[in-house]
Structure formats: C-alpha cells, structure tokens
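Inside the fold
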Amino acid sequence: MARSLVIVESPAKSKTIEKFLGKDYKVLASYGHVRALPSKQGSVDVEAGFVPKYHILPESQKHIELLAKEVAKCEELLLATDLDREGEAISWHLLEALGIDENGTKPVVKRVTFHEITKPAILKAVAEPHKIARDLVNAQQARVILDYLVGFTLSPFLWKKIRYGLSAGRVQSVALRIICEREKEINAFESREYWSISSLLANHADKSFAAKLNAIDGKKITKFQIENQEAAEALVNSISGLPLQVDAVVCKEKKRSPAAPFTTSTLQQEASRKLGFSARKTMTIAQKLYEGIDIGDGAVGLITYMRTDSVALSEQATTEAKEVITSIYGEEYALKKPRTFKSRAKNAQEAHEAVRPTSIASHPEQIKKFLSSDQFKLYRLIWMRTVASQMTQARLDATSVDIVTVGGEQQFSFRASGQIIRFAGFMKLYIEGTDDEDNEEQEGMLPALQEQEAVNCRELTPNQHFTQPPPRYTEASLVKSMEEHGIGRPSTYASIMNTLVTRKYARLEKRAFYAEDVGMVVSDLLSNHFTKYVDYDFTANFEEELDAVSRGEKQWQPLLKQFWEPFVELLKQKEKEISKADLTTEKTDKICPECGKELVIKLGRSGKFLACSGFPDCRHTEPLEGGEQEEPEVSEEKCEKCGAPMLIKMGRYGKFLACSAYPDCKNIQPLVKPKALGITCPQCKEGELMEKKSRYGKIFYSCNRYPKCKFALWDKPLEQPCPKCGFPLTVEKTTKRFGTVHKCPQEECDWEVLIVPPEKKPTKAAAAKKPAAKKAPAKKTTAKKTPAKKATASKKAATTKTATKKTAATKKTAVKKTAKDVAEK
C-alpha cells in the first residue's frame, strides 16, 4: 500500500509523476476545479463580509469520494496542483472539500510545486515541500468573488435595458471596448490620396537599383505634399532629362538582438502569427506538451509550465542552450555569458521561468515521430525561440545613398537604402513575427557607388497611394494590447476572446475581430454610463491591487468593499435613468411605405434593422441598407475546382463563398471554415475532428479527412476515453428531458454518466394534480367501475411507454445515420 497520496489537477500527468516517484506514492487527479460558486443569485453573502458559498461541482463529486477513500489509507498527502494562483486555490479547495486540516497529523499535508514534469524537478519538489500560500488563495478568491458579483448584477441590467441573454464581465467588457473603439475608428476613417515618385537608376557598371524622391531644394517631402496626379506628373516632367549624380554615401553597422523566450502572452501571439493557431488551441496543445508525452522511454513533460509572464531562464537551461548552439552552429554563434531579459508586461509576476523545452538537447526533429503535427509545430516554435534567445547578435551593414539632380531651376534629391547581413547570428535560426505588414519588407543590396559618380535614370514613375484605416485586431494583436494595458491575466485571454465570439459581441473573419451591432450597443452603454469600470487604467490598477493581495500587502475583503459599494450605488442610479428605447431605438428621416409613420432603427437578434414606429399596428420591416441587394464581394480565395476567384454572396442561410465562373462552375464553400477541436479522429487515427454546420444550421462534428474518413457525430466529442469499452473519446449530450450526460458514442456500449440533472418543474405538476382532486367527488356513483378504468389506463400507458421506447431507439439510430449523411453531403 502506498504511504503517500499525491493529488494533481490532470489525469494526463498523474501516470508520468507516479512513474518518477515509485511504489511508495500513489498519484490521483482532481480533474481541475472541485468547488465553485453556484451560477445563481446569492452565492456570495455581501452583508457578512463577502462570504462565498462554495459547493462541490456535480462532475467532481465522484472524484472527491475516490480521493477521500484514498486519503484515509495514507499517512501523507501531497498537493501538487499547478503553481499559479488558480492552482494554489484548487489545493485549498481540495482540503475544504475533503474536510482535512492542513496542520493535522492524519494525514500530514504538504504543498509541492514544480515548473516542469521531469524526474529531477519532481524529486526536488517533493524534497522541498511548503504550506499552502494563503495570500495567493485570497487573491484568487477576491478575483472569483468580484467577477461573480459584477457578472450577476450587470448582466441582468443588460437584459432589462437591451435584451435577454447578454452578459458583462469585469475584464470581458474592457476587452470588448478595445474591439469596438477600433471599429469606430475604422468607420470614421476617411481615406486620403497622396503620391510618391520612384525611380529605377543604374551605376557606371550598369547595375540597377531603386530610389525614391526624398527632398526638393534640401527640404524633405512630407507624406501629403504631392496631393494629386497633376502635381506628380509635373514633378516627373521637371526631373526628366536632368543628369543625376551621387551626393553622399553613408554606411553604418547595425546590431540586432533576439527576442526574449516565450511568456504565455507572447506564445499565443507568435503561434497566431506563424502557425495560425487560436489562443485556445495554443494553450490546449501546450498543456499536453507540459503534462507529458511518451518519446520512447515513457511519458515526460516536454515544456515547462505554460502559464507564466516571466522571461527568465534557469542556469541549467542556458548551459544546455550553449552546448546545443556550439554543436550545431559553432562557437561564434554561442554567447560567452548568458543573456538575460526583463519583462515588458505591465503587471508581470516573474516568479517562475519562461516557457521553454525541459531538455533543450531534445531537438524537434529527433522527437517528431512521437508528436502530432500541431504538437510538433508548437514544440519546434518554443525550441527555436529559446535557443535563439541565447545566440549572438546579428550584424548588418546598412547603406544610405543620396542622389541629386545637376542643373535645373530646382534640385531634386532621391534616396536609396539597402542592407546586407554580415553575420546572421540568431537570425540563422529564428526571427520574431510582427503584426505590422509594412515592417516585414526587407531592404535589398545596393551596388557599389562612389560620391560624385554619375548615374543613369532608366524609369521615373509616379505612384498613387491612399491612407489605410487602422487594422482590425487579430487574436495576436488583441492579446498584445490587453497585456500592454495590464488588463486581465495571460491565462484568461483565450477564454475572454472565446466569450466575446460565443456571445456574438464580435465575430472572427479571416482571423480579424469585427464588432457586431449588439456588441457596439453593450460597449457604448458601459462606456457612457459605467465609464470608470471599463477604463483601461482602472482595470489595470485593480490587477495591481490583486497582486498586492497575493504578496500579503493588502487584505482582500476591504479591497472588494472599496470596489463594490460605489458600483452598486451607480447601478441603482442607472436603473432609473436609462430606458430600453434609448439604447435599442434610433430615429430616422425615412417614412413607412405601408402606414406613413416614421421608420426607426431597431436592434434585433441578427443586428440592426428598420421597423415602423407604429408597431404593433404596423409590422413593416426592412434591412438597414434600404433593402437593396448588395453586390457580391470578391474574396482572396481561388476556386479549388477551376481556379477562378471566389465571391462572397448572401444566401438564405447567411454569407457563403461561390465561384465567379457560375454557371460553368457551381462550386460553393462555407464562408466560416470548420473549427478544429484538437481531437484525433478515433476511426482513421490520422485526421482531426472539426466542428461544422449543416445546411440547416445544426452543429455536427466530423473528420477533416472526409471523404477518405466518414466518421461523424451529432454530440460534442470529449477527449476522454470511455472507461468501459476503451473507445478513444466520449461525447456530451444535453437535452431538456435528461439534462447533460457524458456517454460513449459506440452503439454497443451503454456507458453513461449524468453531469447536470434536468430542471424540475414543480409548479406544472402541482397544477396538473389540482383539477384531478376536484373531479373525484363528482364520480362517486360510478366508483365500482373505477378499477376497470384504471386497469385500462395502465394498459394504455404501458403500450404507449413501449411504443415510445421503440420510437426513441429508432430515432437514435436515425440520428447517427443522419450525422454521417450530412458529413458526406
């Protein structure tokens, strides 16, 4: 029997850690959070000093029961949950749920933390236990309680003033404001025309190079100085025919340093830029790499803990990096002294290491065969970034050449720039991505040029330009913006962005966020009436206050009181001041064609539309654009069948892609591509399950290797094997009648677990019983016939029940067949 019980969060790492610790230790998982605030009013007693009323999660009840049995047999309990605030809070919740005193002797409770799942790290953690950090727990409690209070008071306010089903959150609302303010900037933007003059020149050796008109009579040309085509052509005519010569040649050496190792935030940004991964997908894959993968000698963690805002590397990591760099690239690429970095994040907590490989000697190509395609891509990215951070600087020679006209009434000056890499340094391995496409243009080499050397002009071209609106936020740039403003924590960014999309406050198109009408209305309401609480600095300052609680410098109850009391008073005031019509109705100068009354702009579930102000007497509505059919937009995609451009068209079920060569080519594609779930197909073992939408809008899940693999499901797949038959995944099914259940999708397997029971409706049942009680006295004369009636009723009920079961079985088979049919279509 094991003497010590170790509790971790995830079952994936329990086997790995148990292998490292040996037979005296048993490792079990809590499966994440075990207690939470119920999603209903009254879960926090504000009057009693913000006392939370936690309850054990229904899905965690069986895990707690199992852990309680195992704890009773052991002398020692090691809490090995993650090493952040959330993990610290889970350890505390485990003790509370199990009813164990941390200072007791049966069992002896110890808290252990590690930033990587390797044998040396685990053994060191067990050898150096400590107590649960109550300050971290309090900081996490304060965050959870405040987010609950804000959500459960502000959300009902939105239901009354805008529409039912909306939500607001302390951090979510600020992220929405960032997206909506950018949308307003884009809508208000007015493009402005400007021109430039470029030239193609050649030196005495007839080697050509490009140069751009830079100055006139020694004065630098401003961006909008050449306003139109007439001015540009006039300059071209003035310059044409004038001889040119080199006026000055300036050479400078530039040095370029590598980017710091990954934090949670920069990992999400770079994976989005270079790999096209969403923040959620990045964190899911990183979690698997951290928890452990079998690479030949059993499962081992491949990267360090992925939730961190530190850019520090351990001495062991820098030593390994130097050895790898020297062996692969040579001594000239390795540093004599390790390079250190400082985090640029506003509220960085640099207590841990950066995200790095646990063993830098494990080259990505060596372990590629043990990883899935996405795991390999992300591991390779982390490995390259870590190694590059400890490589020498790149040295570049930057050359700038000024060429001037000789003679003429005015002197025109052109400038040519170029750079060459003298020593690649870290650039030989890795260059950081950027969100600014203009910065990605690299200057080319220039031919050898001497001062006073005559050059020939081969071409002189006027170029038209228009100013562009600020770009919409991508997941990468939104994460960067939130981090710069100090909004939220890096570990919450993925869930924040997911909430904004699922609530339909914003949508993702071509990896860019577009604010929806309802999102704009909610953001305007909060910005205009709750200005303080969606202010960037206020939110960032509150994060700093929570950090102070985690360091033991502040108490959490007074901090919540300081936030809560003025917030509630403001909410009560706005309840009286704001009416729903003010937010959801806008006046126009248009007249209803049916009754002659004024048309108004209303906010519906699909966005804004025009409706008659005489509703409900007049029910006339029309699209906000005036009912005109918009012209199809040419997309960047090409038809996979004929190569013609694809058009974005509006159909009965929304926008879709259609081939511009119609009717010769009738290829159509969904505008919103299927969403990857990160779950391997259990049938072919090669593809990945995707979330798709049928032609009628119903969600289903199928393999991305269709038509080679036709595996499909109606129910949401979970990456948890069936405990009964061992099938690689289970599914989650939610119905009004049976609630939410986890079950095996195999027809021959009957494994099923109730997660959330169905809602009970006592009022309807009570109402149904009352009439029956009143009718009873009226039937006293026929009391003898009642048993016969009851028997008949029982037979009918039994017959109906049998028929229902048969129908349900038929439907179940039909549904599974239909899912496959839809995938095939």
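Residues numbered from 1 in each chain as written. Predicted model: local features only at pLDDT ≥ 70, side-chain atom pairs only at ≥ 80, totals over all residues. Heavy atoms only, no water.

**Section: the overall build of the chain**
Within the chain, the secondary structure is distributed over 20 helices and 35 strands. Put simply, the chain has 825 residues, and 44% of those count as buried. Look at the contacts in the chain between residues 6 or more apart in sequence, and 64% of them connect residues 24 or more apart. (Helix = DSSP H or I, 4+ residues; strand = E, 2+ residues; numbered from the N terminus. Buried < 20%, exposed > 50% of the residue type's maximum accessible area, 1.4 Å probe, protein only. Contact = heavy atoms within 4.5 Å.)

**Observations regarding the packing of helix 16 (residues 536–550) against helix 17 (residues 556–577)**
Two quantities define a packed helix pair, namely the angle between the helix axes and the distance between the axes. Two numbers describe how helix 16 lies on helix 17: the axes approach to 10 Å, and their chain directions differ by 165°. Classified by the interaxial angle, the pair formed by helix 16 and helix 17 is roughly antiparallel. As for the relative orientation of helix 16 and helix 17, their crossing is right-handed in sense. Contact residues: helix 16 offers Phe538, Phe542, Glu545, Leu546 and Val549, while helix 17 offers Trp556, Leu559 and Phe563. When grouped by side-chain class, the residues that make up the contact of helix 16 with helix 17 number 7 nonpolar, no polar and 1 charged. (Axes fitted to C-alpha atoms, helices over the stretch in contact; angles between N-to-C directions. Parallel < 35°, antiparallel > 145°, perpendicular 65-115°, else oblique. Left-handed = near helix turned anticlockwise from the far one by under 90°. Nonpolar A, V, L, I, M, F, W, Y, C, P; charged D, E, K, R; others polar.)

**A word on the packing of aromatic side chains**
Applying the stated rule across the entire model yields 17 aromatic pairs. Every member of this aromatic cluster is reached through a ring pair, and the members are Phe157, Phe530, Tyr533, Phe538, Phe542, Phe563, Trp564 and Phe567. Sitting over the ring of Trp714, Lys698 keeps its end group 4.3 Å from the ring centre. (Phe/Tyr/Trp six-rings, centres within 6.5 Å; stacked < 30°, edge-to-face > 60°. Lys NZ or Arg CZ within 6 Å of the ring centre and 35° of its normal.)

**Structural notes on the nonpolar core**
Within the largest apolar cluster, 83 residues are counted, with the highest numbers of intra-cluster contacts made by Leu77, Leu154, Leu158, Ile162 and Val522. Take this core: its biggest share by element is 11 residues, from helix 5 (residues 134–161). With residues near it in sequence (within four places) discarded, Ile162 still touches Val521, Val522, Leu525, Lys580, Leu583, Thr584 and Leu603. With 60 residues, the next largest nonpolar core counts Ile122, Met306, Ala354 and Tyr379 among its residues. (Core = buried A, V, L, I, M, F, W, Y, C linked by side-chain atoms within 4.5 Å.)

**Digging into the sheet that holds strand 29 (residues 688–693)**
Spatial strand order, 28-29-30-31: 4 strands in an open sheet with antiparallel pairing. The strands lining the two open edges of the sheet, one partner per strand, are strand 28 (675–680) and strand 31 (712–713). Summarising the sheet, strand 30 (residues 699–703) and strand 31 pair through 2 bridges and their orientation is antiparallel. Within the sheet, the bridge partner assigned to Tyr701 lies in strand 31 and is Leu713. (Pairing = 2+ DSSP bridges.)

**Remarks on the environment of Lys223**
Position of Lys223 among the secondary structure elements: in the loop between strand 11 (219–220) and helix 7 (229–239). On the accessibility criterion, Lys223 (48% relative accessible area) is partly exposed. Along the primary structure Lys223 and Glu193 are separated by 30 residues, whereas in three dimensions their C-alpha atoms are 10.0 Å apart.

**Some details on the packing of helix 6 (residues 172–188) against helix 14 (residues 493–502)**
The interhelical angle for the contact between helix 6 and helix 14, taken along N-to-C directions, is 70°, at an axis separation of 10 Å. On the basis of their axis angle, the class for helix 6 and helix 14 is roughly perpendicular. As for how helix 6 packs across helix 14, the hand of that crossing is right-handed. Across from Gln172, Ala175, Leu176 and Ile179 in helix 6, the residues of helix 14 making contact are Ile496, Thr499 and Leu500. A class-by-class count of the residues in the contact of helix 6 with helix 14 yields 5 nonpolar, 2 polar and no charged.

**Remarks on the pairing of strand 12 (residues 244–256)**
Alignment of strand 12 against strand 15 (residues 394–405), held across 12 bridges, turns out to be antiparallel. Bridge pairing links Leu244 to Thr405 in strand 15. The pairing of strand 12 with strand 17 (residues 454–466) spans 2 bridges and is classified as antiparallel. The residue of strand 17 that forms the bridge with Leu244 is Val455.

**With respect to the confidence of the model for the chain**
Residue-level pLDDT values for the chain average 83, and 88% of them are 70 or greater. Here helix 20 (residues 786–824) stands out as the least confident element of the chain, with mean pLDDT 42; helix 12 (residues 373–388) is the most confident, with 95. Counted against residues more than four places away or in other chains, residues 437–442, with its pLDDT under 50, gives 1 contact. Taken as a whole, residues 763–825 scores under 50 in pLDDT and shows 23 contacts with residues more than four places along the chain or in a different chain. (pLDDT = per-residue confidence, 0-100.)

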